[in-house]
Amino acid sequence: MNVSMNLSLENTQNAFAYKSTTDLKKAKFLFSVIQSPLIVSIGTKITPLLMKSGFPINGLLRSTIFNQFVGGETLEDSARVTKQMGAYGVQVILDYGVEAKEGEENFDSVTEHIIEAIDFAATQDNIPFVSVKITGVASMDLLEKLNEAPRLRSGIHDSESEDTEWGRVKERMFAICDVASEKGIGVLIDAEETWIQDPIDRLVIELMTVYNNEKAVVYNTYQLYRNDRLHFLQLSHKLAQEGKFILGAKLVRGAYMEKERLRATEKGYPSPIHLDKYATDADFNEAAAYCLKNAASIALVLASHNEQSNMKVVEKMEAQGMNKNDPHVHFSQLYGMSDHITFNMASAGYSVSKYLPFGPLQDVIPYLMRRAEENTSVGGQTSRELSLLRRELARRKVKK
Ligand SMILES: Cc1cc2nc3c(=O)[nH]c(=O)nc-3n(C[C@H](O)[C@H](O)[C@H](O)COP(=O)(O)OP(=O)(O)OC[C@H]3O[C@@H](n4cnc5c(N)ncnc54)[C@H](O)[C@@H]3O)c2cc1C
C-alpha cells in the first residue's frame, strides 16, 4: 500500500477528478494500444514518415496521443490546461517541446519561445518552472565535439567557428536565465545522452554560480540510471558549497537506457548505465535522501512516476520535520501519466506539478514517440495506468 501518515496514492476519484468519463475512456483506449510493443515499434517508425509525406494523420494524432501528453500547440492552449490543473492545487512546468531542430535560426526561435513561456509563467500562480532542452538551442554536432575533446571542454577551443557557435549557445542560455531570474521562475535543464552531457553539465554549473546565489533559479538534471551520477551529484554539491550557491537538482532515473547500452556495445566501451533496475532504484533513492539531508543548500525536484520513491521522500520529509510545501522540495510527473501520484499529493498539500509540453504538432513528435516507447518498455507502468483508469471507470459506473 502506498500510504504514509498523511498521504495515500490510492484515491482514483482525486486522481481523475479533472477528466470526464469520455476522456477516461479515450485514455484507456490509448494506453491499451501503446501497451503493444509491435504497434509502438511500427507506429514510431512510420508516423514521422507519414507526416512528412503529407498523409492526413494529424487529426488522429491530435485527438489521441497529442491530447493525452501535450498541453496544446500554443501557449494559449496550455493556459487552459494550466488553469484546469490549478483548480486542483497542481502546478505546471512549461516545456516548449521542440527538439533538436538544427540551425542557428531555429535555435534563436526556440530561445524566444522559451522566454515567452517565462513571461507567461510569471503571470500565472501555478507555473514555478520552465524546462529547457539544450538540444533545442545548440547543435548536437557541437555538443558531441565538446563532449569528446577535453581540450575543447576546458574552454580553449581550437576552432574559431566552434568557439563562436558555443558562445552563441551560452548567450541564449544567459538570456533565458536573466529573464527567469528577474521574473522569479525556475529553469530546469534536461539531461541528455551521455555523449553530449558533459558540456551541458559545465554550462549549467556556470549558470548556477551566476543565478543561484540567493535562491535556486537554475537546476541541472541527474540521471540516476548512470553509474557515476550519485557521485556527480555529491561533487556538484561540493562545488555549490565552495562557490556559495544553491544547487538546483532535478532527479530522474533516465530516458535513454536502450540507446545508451546499444551505443556502448557497438563502440566497445563499458556501459554507463547500471546493470539492473535495482541498482538504479538504490542510487535514485540515495540521491533523493542526500538532497533532503542537505535541503538547506540543495533545492530538489523529484521527477518520477515511481510510487515508492515518491513515498520514501514524503516519509523522510515527515521524519525530518519538514513542511509539506518546503520551498526546496518539489515533485513532478509528466502530463498524461501518474495522475494518482500528482493529484493525491496536491490534495495532501505537497508542492507537485505536471510537466506540460506544448508546441506545434509536427515539432513535438519526437517527444510523443518517446512517451509511446517509454510506456511500452517501462515494465508495469502502462498496466498500472490501465488498472487505475479501469478502477475509476468502475467507481463512476457504480455511483450512477
Ligand atoms: C518531470 C519529469 C522530467 C523528466 N526529465 C528528464 C530528463 O531531463 N532527462 C531524462 O533522461 N529523463 C527525464 N525524465 C524521464 C525519466 O528519466 C524516466 O525515464 C521516467 O520518469 C521513468 O522513470 P520513473 O522514475 O518515473 O519510474 P520507474 O518505472 O521506477 O523507472 C523506470 C526507469 O528505470 C530505469 N531502468 C529500468 N530498467 C532498468 C534496468 N534494467 N537497469 C537499469 N535501469 C533501469 C530507466 O531509467 C527507466 O526509465 C523525466 C521524467 C519526469 C517525470
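Everything here concerns the structure above.
Residues numbered from 1 in each chain as written. Predicted model: local features only at pLDDT ≥ 70, side-chain atom pairs only at ≥ 80, totals over all residues.

Novice: Whenever I open this one, the sheet that holds strand 2 (residues 129–132) confuses me. Can you help?
Specialist: In any sheet, the strands associate via hydrogen bonds between backbone groups, in a parallel or an antiparallel arrangement. In spatial order, the strands read 1-2-3-4-5-6-7-8; together these eight strands close into a barrel with parallel pairing. Ignoring which end each strand starts from, the neighbouring axes of this sheet average 30° apart. Set on the sheet, helix 10 (residues 194–211) makes contact with strand 3 (186–189), strand 4 (218–223) and strand 5 (247–252); between it and strand 4 the angle comes to about 145°. Its contacts with the sheet place helix 11 (residues 229–243) against strand 4, strand 5 and strand 6 (298–303), and it is angled at close to 155° to strand 4. (Pairing = 2+ DSSP bridges. Helix = DSSP H or I, 4+ residues; strand = E, 2+ residues; numbered from the N terminus. Axes fitted to C-alpha atoms, helices over the stretch in contact; angles between N-to-C directions. Contact = placed C-beta atoms within 7 Å.)

Novice: Can you walk me through the site of the ligand in this structure?
Specialist: Contacts to the ligand come from 27 residues, most closely from Asp190, Val252, Arg253, Ala303 and His305. When residues of the shell around the ligand are traced back to their parent elements, those giving at least two are strand 4, helix 13 (277–293) and strand 7 (329–334). Here the shell around the ligand takes three residues from strand 7, the largest share from any one element. Grouping the constituent residues of the shell around the ligand by class yields eleven nonpolar, eleven polar and five charged. (Near = placed C-beta within 6 Å. Nonpolar A, V, L, I, M, F, W, Y, C, P; charged D, E, K, R; others polar.)

Novice: I keep staring at the nonpolar core and nothing clicks. Help me out?
Specialist: Nonpolar side chains in soluble globular proteins tend to be buried together. Judged by nonpolar contacts, the single largest core of 100 residues is most densely connected at Val130, Val187, Val218, Leu251 and Leu300. Among all residues touching Val130, those that are not within four sequence positions of it are Ile93, Leu94, Ile114, Ala117, Ile118, Ala121, Ile185 and Val187. (Core = buried A, V, L, I, M, F, W, Y, C linked by C-beta atoms within 7 Å. Buried ≥ 20, exposed ≤ 12 C-beta atoms within 10 Å, placed from the backbone.)

Novice: Sorry if this is basic, but what is going on with the pairing of strand 8 (residues 352–358) here?
Specialist: Successive residues of a regular strand alternate their side chains across the two faces of the sheet. With respect to burial, strand 8 is a largely interior element, seven of its seven residues being buried. Alternating residues of strand 8 divide into Val352, Lys354, Leu356 and Phe358 and Ser353, Tyr355 and Pro357, and every residue in both groups is buried. Across six bridges, the pairing between strand 1 (residues 91–96) and strand 8 is parallel. Considered in strand 8, the bridge of Asp95 is made with Pro357. Bridge analysis of strand 7 against strand 8 gives four bridges, and the strand direction is parallel. In the strand pairing of strand 8, Ser332 is matched with Ser353. For the crossover from strand 7 across helix 15 (residues 339–348) to strand 8, the handedness is right-handed. (Right-handed = clockwise from strand over helix to strand, strands pointing away.)

Novice: What's the story with helix 5 (residues 75–86) in this structure? I'm lost.
Specialist: Owing to its 3.6 residues per turn, the α-helix brings residues three or four apart onto one side. Helix length check: helix 5 (twelve residues) gives 16 Å between terminal C-alpha atoms against 16 Å at 1.5 Å per residue, within 8%. The complete set of buried residues in helix 5 reads Ser78, Thr82 and Met85. The arc enclosing the buried residues of helix 5, seen along the axis, measures out at 60°, which places them on a common side. Opposite its buried face, helix 5 presents the exposed residues Glu76 and Arg80, each directed more than 90 degrees away. In this structure, the buried residues of helix 5 make contact with strand 1 and strand 8. (Expected span 1.5 Å × (residues − 1). Arc of directions from axis to C-beta.)

Novice: Teacher, can you tell me more about helix 11 here?
Specialist: End to end, helix 11 covers 20 Å across 15 residues, agreeing with the expected 21 Å (1.5 Å per residue, within 8%). For helix 11, the complete set of buried residues consists of Arg229, Leu233, Ser236 and Ala240. Down the axis of helix 11, the sector holding all buried residues measures 60°, keeping them to one side. Summarising the geometry of helix 11, the exposed residues directed more than 90 degrees from the buried face are His231, Lys238 and Glu242. Where helix 11 is buried, its residues meet helix 10, strand 4, strand 5 and helix 13.

Novice: Got a minute to help me understand the environment of Asp119 in this structure?
Specialist: The residue Asp119 is located in helix 6 (residues 104–121) in this model. By C-beta crowding, Asp119 is classed as partly exposed, having 14 other C-beta atoms within 10 Å. Here the alpha-carbon distance between Asp119 and Ala180, two residues 61 residues apart in the chain, equals 8.2 Å.

Novice: Before we go on, may I ask you to explain the environment of Ile42 in this structure?
Specialist: Along the chain, Ile42 falls in helix 3 (residues 37–53). A residue is classified by how many C-beta atoms lie within 10 Å of it, and Ile42, with 11 of them, is exposed. The spatial distance from the C-alpha of Ile42 to the C-alpha of Arg370 is 13 Å, given a sequence separation of 328 residues.

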